[in-house]
Amino acid sequence: MWRLVPPKLGRLSRSLKLAALGSLLVLMVLHSPSLLASWQRNELADRRFLQLNKCPACFGTSWCRRFLNGQVAFEAWGRLRLLDFLNVKNVYFGQYGEPREGGRRRVVLKRLGSQRELAQLDQSICKRATGRPRCDLLQAMPKTEFARLNGDVRLLTPDAVEGWSDLVHCPSQRLLDRLVRRYAETKDSGSFLLRNLKDSERMQLLLTLAFNPEPLVLQSFPSDEGWPFAKYLGACGRMVAVNYVGEELWSYFNAPWEKRVDLAWQLMEIAEQLTNNDFEFALYLLDVSFDNFAVGPRDGKVIIVDAENVLVADKRLIRQNKPENWDVWYESKFDDCDKEACLSFSKEILCSRATVDHNYYAVCQNLLSRHATWRGTSGGLLHDPPGEIAKDGRLEALLDECARPKKRFGRFQAAKELREYLAQLSNNGR
């Protein structure tokens, strides 16, 4: 089935934000005593704010000591709860300090869903367990499908979780073993056997897999091993901490040409790495926008900072099972929709073909080419090239063929040539 994917919920219009800010000023005056209290209090050391009381209907506990000891704190305006209604995505910036290390570093804190989505999760758990919309989650979780692997179950198998989220839309046993072996919310990680996890940890793992598998993507394909994702740090209750990378890619939209060329080259390299790697896992990005990437301020490295919608296909399994047309190259269909950051794709095809150009298509269409639109702009990251490059026409031709190919399988060749050309322009080919 084909899916046309619009931008995620939470990208509010500027007019709505201005109206919200006006209302905020009124609220700040009316609630000045509580405003001062929230500014002075470190709510990240509060068990109820972290929703630790909802475990095992949570994302983990590996960082609870750090949170509860006050080692993690919100930055500036993040301390004001009155601003939460603007923060639809529930993403915060904080500071973390380890006493023996000295100094502090920036972290990103995520609830992995909006307040509405989290409330719906609670209601769903309660209804399945008790038939009522409200309940004690601690008592309810063992009565849901999240407890199906408790007890003596040896492995997390495809039939147990297939289709629960993009990450496991078509999971192989090899992928699931990797998820369990690298699960960071247990003291005994390193084994693919479920018997090494407590029942509470198994339920947390399955809930995370179903609700928002981003932490599992970051753990299973870690930055320490060269994968282009933000570094996972830990969780406490329903608050996850990841390493702060830098400003989002969007802030570089009007950067000097040389900088934009380097970023474009890195984006194409990411598309290549996620498509073809020695592990024979294809990681397909189903949500590609300027907000989902960030750039390191020191090394200038591009990193994926939103990995909720990543589909992983096991190429080794595809070659072994040989589904229909498995060895026929698949070229994604360009779709000129009237919304920003749209992508058209079939998950079933991504799961059943060994050679797919989806990641090149997503990066070229939504980030680099003239077809890319974001926040009212158009032209893509490589807009307004220098005169000699514009006159030569090669860059524009490659971008067009990569985004909207005219030749059969033209995107595959265009993506290869575009990577080489961008490397040449940015001196990365030396």
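Relevant structure appears above.
Throughout this description, residue numbers start from 1 for each chain and increase along the sequence as written. Local features in a predicted model are, by the rule used here, given only for residues with pLDDT of at least 70; side-chain atom pairs are given and counted only at 80 or more, and totals for whole chains, interfaces and linings are based on all residues. Each side-chain value is derived from all of the structure's non-hydrogen atoms; neither hydrogens nor water enter the calculation.

Undergrad: Would you mind going over the nonpolar core with me for this structure?
TA: Counting residues in hydrophobic clusters, the biggest one holds 110 residues, and the most contacted among them are F229 and M268. Secondary structure follows DSSP: runs of H or I at least 4 residues long count as helices, runs of E at least 2 residues long count as strands, and numbering of each begins at the N terminus. In terms of residues, this core owes the most to one element, helix 10 (residues 257-275), which gives 10 residues. Ignoring sequence-local partners within four residues, the contact set of M268 consists of Y360, V363, C364, L368, C402, A415, L418, R419 and L422. Buried residues of nine kinds, namely Ala, Val, Leu, Ile, Met, Phe, Trp, Tyr and Cys, make up a nonpolar core once their side-chain atoms join them within 4.5 Å. Relative accessibility decides the category of a residue: with a 1.4 Å probe and only protein chains considered, values under 20% of the type maximum give buried, values over 50% give exposed, and everything between is partly exposed. The next biggest cluster of nonpolar side chains, apart from the first, holds 19 residues, and it includes L44, V72, C236 and M239. Whether two residues are in contact is decided by their heavy atoms, any of which lying within 4.5 Å being enough.

Undergrad: I would appreciate a short explanation of the pattern of salt bridges in the present structure.
TA: Side chains that differ in sign of charge can pair as their charged atoms come close. A carboxyl oxygen of Asp or Glu within 4 Å of a side-chain nitrogen of Lys or Arg is what we treat as a salt bridge. Counted according to the given criterion, the structure contains 18 salt bridges. A salt bridge links K416 to E420, with the nearest nitrogen and oxygen atoms 2.9 Å apart. Of this pair, K416 and E420 both sit in helix 16 (residues 410-425), four residues apart, roughly one helical turn. Classification of K416 as partly exposed rests on a relative accessible area of 40%. Classification of E420 by relative accessible area gives partly exposed; the value is 43%. Residues joined by salt bridges that share partners form a network here, namely K54, D122 and R238.

Undergrad: Can you walk me through the state of the cysteines in this structure?
TA: What makes a disulfide is a covalent bond joining the sulfur atoms belonging to two cysteines. Note on terminology: disulfide denotes any pair of cysteine sulfur atoms within 2.5 Å. Applying the stated criterion across every chain yields a total of five disulfides. Between C55 and C58 runs a disulfide, and the two sulfur atoms are separated by 2.1 Å. Its torsion about the S-S bond being 105°, the disulfide of C55 and C58 is classed as right-handed. Per residue, the accessibility class of C55 equals that of C58, and both read buried. Covalent S-S linkage joins C64 and C236, the inter-sulfur distance amounting to 2.2 Å. Around the S-S axis, the bridge from C64 to C236 shows a dihedral of about 100° and counts as right-handed. In this pair, C64 is assigned in helix 3 (residues 64-68) and C236 in strand 5 (residues 232-236), connecting sequence segments 172 residues apart. This pair shows no difference in class: C64 is buried, exactly as C236 is.

Undergrad: Just checking my understanding: could you explain the side chain of N90 for this structure?
TA: Inspection of the secondary structure puts N90 in the loop between strand 2 (72-74) and strand 3 (91-96). Relative accessible area serves as the criterion here: at 2%, N90 is assigned to the buried category. When sequence neighbours within four positions are dropped, the list of residues in contact with N90 reads L109, K110, R111, G113, S114, Q115 and L118.

Undergrad: In this structure, what is going on with the packing of helix 10 against helix 13 (residues 358-368)? I would like to understand it.
TA: Pairs of packed helices are described in terms of their axes, by the angle between the two and the distance that separates them. Fitted lines through C-alpha atoms give the axes, limited to the stretch in contact for helices. The angle between two N-to-C directions lies from 0 to 180 degrees. Helix 13 packs onto helix 10 with a crossing angle of 155° between their chain directions and a minimal axis gap of 9 Å. Classified by the angle between their axes, helix 10 and helix 13 sit roughly antiparallel to one another. Helix 13 is crossed by helix 10, and the crossing has right-handed handedness. Of helix 13, the residues touching helix 10 (which contributes A264, L267, M268, A271, E272, L274 and T275) are N359, Y360, V363, C364, L367 and L368. Of the residues belonging to the contact of helix 10 with helix 13, the class tally is 10 nonpolar, two polar and one charged. Each angle is binned into one of four classes, with values under 35 degrees roughly parallel, values over 145 roughly antiparallel, values of 65 to 115 roughly perpendicular, and all other values oblique. Note: crossing handedness is left-handed where the near helix turns anticlockwise from the far helix by less than a right angle, and right-handed where it turns clockwise. Lys, Arg, Asp and Glu make up the charged group, whereas Ala, Val, Leu, Ile, Met, Phe, Trp, Tyr, Cys and Pro make up the nonpolar group; the residues left over, Gly among them, are polar.

Undergrad: Can you walk me through the packing of aromatic side chains in this structure?
TA: Given two aromatic rings, one states the distance between the centres and the angle between the planes to describe the pair. The pairing test for Phe, Tyr and Trp rings, Trp by its six-membered ring, is centres within 6.5 Å, and the orientation test on the planes gives stacked under 30 degrees, edge-to-face over 60, and tilted for anything in between. Inspection of every chain in the model, using the stated rule, returns 16 aromatic pairs. Between the aromatic rings of F74 and Y92, the centroid separation amounts to 5.0 Å while the plane-to-plane angle is 50°, which identifies the pairing as tilted. Separated by 18 residues along the polypeptide, F74 in strand 2 and Y92 in strand 3 bring together distant segments of the chain. This pair shows no difference in class: F74 is buried, exactly as Y92 is. Ring centres of F146 and W164 lie 5.9 Å apart, and the angle between their planes is 90°; this geometry places the pair in the edge-to-face category. A residue pair is termed long-range when its members are at least 10 positions apart, and F146 in the loop between helix 5 (137-140) and helix 6 (158-161) and W164 in the loop between helix 6 and helix 7 (173-181) qualify at 18 residues. One aromatic cluster in this structure is built from F221, W227, F279 and F281. Here, a charge over a ring is recorded when the distance from Lys NZ or Arg CZ to the ring centre is within 6 Å and its angle to the ring normal is within 35 degrees. Here the guanidinium or amino end of R111 rests over the ring plane of F49, the centre of that ring lying 4.7 Å away. A cation over an aromatic ring shows up here: R178 above the ring of F279, its NZ or CZ 5.2 Å from the ring centre.

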